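Each chain is listed here by its residues.
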Protein chains: 2
Amino acid sequence: MSEQKIGYLGPKGTFTKMAVDALFDGGNYISYESIPACLDAVEAGEISTAVVPIENAIEGSVHLTIDYLVHQVKQSIIAELTVPIKQHLLVHPDEQGEKIHKIYSHSHAIAQCHQYLHKRYPEAELEYTASTGKAAEIVADVGRGYAAIGNHLAAEENGLKILDTDIHDYDNNHTRFAVVQKQPQTLKVKDHPVTKHKTTVMVTLPKDYVGALHQVLAAFAWRKMNLSKIESRPMKTGLGNYFFLIDVDQPYDQVLFPGVQAELEALGCQLKVLGTYPSYQIDIPTPVQKV
Amino acid sequence: MSEQKIGYLGPKGTFTKMAVDALFDGGNYISYESIPACLDAVEAGEISTAVVPIENAIEGSVHLTIDYLVHQVKQSIIAELTVPIKQHLLVHPDEQGEKIHKIYSHSHAIAQCHQYLHKRYPEAELEYTASTGKAAEIVADVGRGYAAIGNHLAAEENGLKILDTDIHDYDNNHTRFAVVQKQPQTLKVKDHPVTKHKTTVMVTLPKDYVGALHQVLAAFAWRKMNLSKIESRPMKTGLGNYFFLIDVDQPYDQVLFPGVQAELEALGCQLKVLGTYPSYQIDIPTPVQKV
C-alpha cells in the first residue's frame, strides 16, 4: 500500500497538526494555508485525506468548513477527532524573566485566556495574528520580552520554551476535527478508543414555514434516534433560507435512515448524508514546565 | 441627553465599523481589539453600547460572542443589524497596473474570494492577516505591487484605491451584528426600516436524552411561534452537555413566552431571554470603481 497523503490546516504548530500527529500512524503530511485550499487539494487528488477543524476551532471556522463541504466539494466525513484545547505561554529560549511587554496570538486564543492575561499581564500589549502557529514564529524572531499563546507543538516547532502551562480560562474546551476523503479509503490510525459512531445529515426545508423544524425532528424522535448537535445555516440563496445540519448518534443503517428520508421527502424536505464515521476522543497531556 | 458612547470590534475599516456608521445617527465611537474587550467595556460602564458580529462574520466568531454573552456578562441584545458582505480588491494609490505579487487579508475574506483569486491572480502569494482592516494598513505601508481584500471603508481609512469591486464568489453573503447594552437605553439610530422583531432565548436541557430537543420545539410549534434560527452549543461543563440558542420571529409578550417557559420548566429545562429587539436590514451600495 502506498503511503497515505494527508493534508491539514497549517502552518506548523497548529492545533490541527497536533490532531493529525495524535491520530495517524505514519504518512506524508502536507500543510495548507486555508480550509478551502486543503479541501480543493482532496478534490484535485493531490492528497487522499484532509483534516480540518469543524467545531470550536482556534484557527478556523466551523462555518467555513461546513459551507465548503456542502456547497463546493463532493467529499465525505470519514472520521471525527475531539482534542482538548490547552493554551500555554511561549517565550524565546533566551528569555531570562524580563518583563513581557507584548503578547501575540490568534484573536480566539487571546479571548480564551482573557482573564489570565487581565490578571497576570495587564500592561502587556496584545497583537493579533492569523494563527497561533504564526504567533510562535514571530516570537522566535523578535526574541526576549515577547510572548505567544499557543500549544506545545508550536513551542517545539519554533524552538520556544513554555513559561506557563494551561493558561486558558476554562477547562472542557474542545475542538472537533473532521477527517474527509473523496473516495472513502482505509485509514491507518493509531490505536484510539472509538467513543461513538455518528452520522451527519443535511436537511433542507422547502420554505420557511411555522413548525417545519419541529416536524423534521419528529421523524428522528419517534424512531428514538438521539441527536447530539443541530445547527441551522443560511443557504447561499438569500436571507431567511436555511438548511439544518444534524449529528445523529448512531451509524447509518438501511432501515432507520431511509425511513427518515422518506418521511422528510413526503414533507417536501431533502436529506443528504455528509458522512457516517467513528468519533475518536484524544487526550493531550499538559507538558512538564521547563522554566 | 449626553452623547452615546458606542464600542465596536475594530480596527478602523472593519465590517463592524461599517455597520456602526450605517446604523447610528451620531455618537462617540470607540474601537476595541477583541469581542471580549468590547463586551467587558460595556460591563465596566466605559461605554453604553457595543456592536459585535454574531453570525457569519469576517473578523469575529459567532461562538465567541454568544459564549461571552451567555457565560461572562449580563447584557441584552437590544437590536440586530444585517449587512451584506461586499469584498473589493484594494491597492496603493500610486499603483500603475503592475503585477500584483502578494495579496493580504483575513483567512475568511480570502476564502470568500477563493474562485476569483484562483482565476485572476493564480500566481499571487496569499498572506493571512488578523483582520481585513489590518490587511489594508499593510498595503498602505508596503506600496505598489501588493493588494488587500476588504471593504470600501478599509480603502477610505487607509487611503487605498479600489482596483476591482464585488470580488466575493457568492452574493447573498450577509453578516449579522448584535447591538448589546447592560441597561437598555434609548438608541439614536438613523431612519431604517425594521424588517422584523425577534426574541433570542437560551434553553438548557437537564441531560442528554433522546428527543429532548423535539419536545422543546413542540412548545413553540403548537403555539405557532416561528423559529428562524436554532443552534446547539456546548456548555462549558464538558463534552455532550449542550444548550440551545433559538431565535423566535416575534417580540417577547406576556402570554406566549411565559407559557413556553412554564411548559419547558415542567420538562426540567430552563429558558433565559437574551433579548427582544428590532432587526434592521441595511444595504451598502457597491462603490464606483476609481481605476
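Going by an unreviewed UniProt entry, chain A carries the name Prephenate dehydratase and comes from Halobacillus dabanensis. Regarding chain A, the UniProt comment filed under Catalytic activity (unreviewed entry) reads as follows: "prephenate + H(+) = 3-phenylpyruvate + CO2 + H2O". Turning to chain A, the UniProt annotation filed under Pathway (unreviewed entry) states: "Amino-acid biosynthesis; L-phenylalanine biosynthesis; phenylpyruvate from prephenate: step 1/1."

Can you help me understand the UniProt feature "site: Essential for prephenate dehydratase activity" (unreviewed entry) in chain A in this one?
Residue and element names in this part refer to chain A. Listed under "site: Essential for prephenate dehydratase activity" (unreviewed entry) in the UniProt record, and renumbered for this structure, are T175. Note on placement: T175 falls in strand β10 (residues 174-181). Overall, the relative accessible area of 1% leaves T175 in the buried class.

Help me out: how do you make sense of the packing of helix α8 (residues 212-221) of chain A against helix α8 (residues 212-221) of chain B in this one?
For any two helices packed against each other, the geometry is given by the interaxial angle and the distance between the axes. α8 of chain B packs onto α8 of chain A with a crossing angle of 150 degrees between their chain directions and a minimal axis gap of 9 Å. As the angle between them shows, α8 of chain A and α8 of chain B are arranged roughly antiparallel. Two packed elements cross with a definite hand, and for α8 of chain A against α8 of chain B that hand is left-handed. Contact residues: L213, H214, L217, A218 and A221 of chain A in α8 of chain A; L213, H214, L217, A218 and A221 of chain B in α8 of chain B. Class assignment of the residues belonging to the contact of α8 of chain A with α8 of chain B gives a composition of eight nonpolar, two polar and no charged.

Just checking my understanding: could you explain the packing of aromatic side chains for this structure?
Both the distance between ring centres and the angle between the ring planes are used here to describe each pair of aromatic rings. The final tally for this structure, using the stated rule, is six aromatic pairs over all chains. Centroid distance Y116 of chain A to Y121 of chain A: 6.2 Å. Interplanar angle 50 degrees. Geometry classified as tilted. With respect to class, Y116 of chain A is no different from Y121 of chain A; both count as buried. Residues Y104 of chain B and Y146 of chain B carry aromatic rings whose centres are separated by 6.2 Å and whose planes lie at 35 degrees to one another, so their mutual orientation is tilted. With Y104 of chain B in strand β6 (residues 102-106) and Y146 of chain B in strand β8 (residues 146-150), this pair connects stretches of sequence that are 42 residues apart. By relative accessible area, Y104 of chain B is classed as buried at 7%.

Quick question: what am I supposed to make of the pairing of strand β14 (residues 270-281) of chain A here?
Along a regular strand, successive side chains alternate from one face of the sheet to the other. Residues and elements named next belong to chain A. Across three bridges, strand β4 (residues 76-84) lies against β14 in parallel orientation. Considered in β14, the bridge of E80 is made with S279. Sheet analysis places strand β11 (residues 194-204) next to β14, joined by ten bridges and oriented antiparallel. What sits directly across from H197, in β14, is P278.

Which parts of the structure should I look at to understand the sheet that holds strand β9 (residues 161-164) of chain B?
Picture the strands of a sheet paired through backbone hydrogen bonds; they go either parallel or antiparallel. Residue and element names in this part refer to chain B. Ordered in space as β7-β6-β8-β5-β9, the five strands form an open sheet in which the pairing is mixed. Two strands lie at the open edges of the sheet, namely β7 (125-129) and β9, each paired on one side alone. Across the sheet, the mean angle from the axis of one strand to that of its neighbour is 35 degrees, orientation sign disregarded. Note: strand β5 (residues 88-91) against β8, four bridges, orientation antiparallel. Across the sheet, residue H88 finds its bridge partner in β8, namely G150. Along the sheet, helix α6 (residues 132-142) makes contact with β5, β6, β7 and β8, crossing β8 at roughly 160 degrees.

I keep staring at the domain arrangement of chain A and nothing clicks. Help me out?
When the parts of a complex come together, some accessible area is lost, and that lost area is often taken as the interface size. Looking at the assigned domains, one finds that chain A contains domain 1 (5-85 + 173-183), domain 2 (88-164) and domain 3 (195-276). Centre-to-centre, using C-alpha coordinates, domain 2 of chain A lies 42 Å away from domain 3 of chain A.

What am I meant to see in unusual backbone geometry here?
Residue and element names in this part refer to chain B. Even without being a glycine, D166 presents a positive backbone phi close to 50 degrees. Position of D166 among the secondary structure elements: in the loop between β9 and β10 (174-181). Using a relative accessible area of 33% as the deciding quantity, one classes D166 as partly exposed. Positive phi, normally seen in glycine, also occurs at K224, with a value near 55 degrees. With respect to the helices and strands, K224 occurs in the loop between α8 and β12 (227-234). Its relative accessible area of 67% is what places K224 among the exposed residues.

Just to check I follow, could you spell out the state of the cysteines for this structure?
As used in these notes, a disulfide is a covalent bond between sulfur atoms, one from each of two cysteines. Inspection of every chain in the model, using the stated rule, returns zero disulfides over all chains. Here C113 of chain A stays unpaired: no disulfide links it, and the sulfur of C38 of chain B, its closest cysteine neighbor, is 20 Å away. Here C113 of chain A falls in the buried class, since its relative accessible area comes to 0%.

Here is what the cut-offs are and how they apply
- Residues numbered from 1 in each chain as written.
- Chains lettered and ligands numbered in written order.
- Predicted model: local features only at pLDDT ≥ 70, side-chain atom pairs only at ≥ 80, totals over all residues.
- Heavy atoms only, no water.
- UniProt positions renumbered as here; feature names shortened; annotations may be inferred.
- Helix = DSSP H or I, 4+ residues; strand = E, 2+ residues; numbered from the N terminus.
- Buried < 20%, exposed > 50% of the residue type's maximum accessible area, 1.4 Å probe, protein only.
- Axes fitted to C-alpha atoms, helices over the stretch in contact; angles between N-to-C directions.
- Parallel < 35°, antiparallel > 145°, perpendicular 65-115°, else oblique.
- Left-handed = near helix turned anticlockwise from the far one by under 90°.
- Contact = heavy atoms within 4.5 Å.
- Nonpolar A, V, L, I, M, F, W, Y, C, P; charged D, E, K, R; others polar.
- Phe/Tyr/Trp six-rings, centres within 6.5 Å; stacked < 30°, edge-to-face > 60°.
- Pairing = 2+ DSSP bridges.
- Domains from an automatic or database assignment.
- Disulfide = S-S within 2.5 Å.

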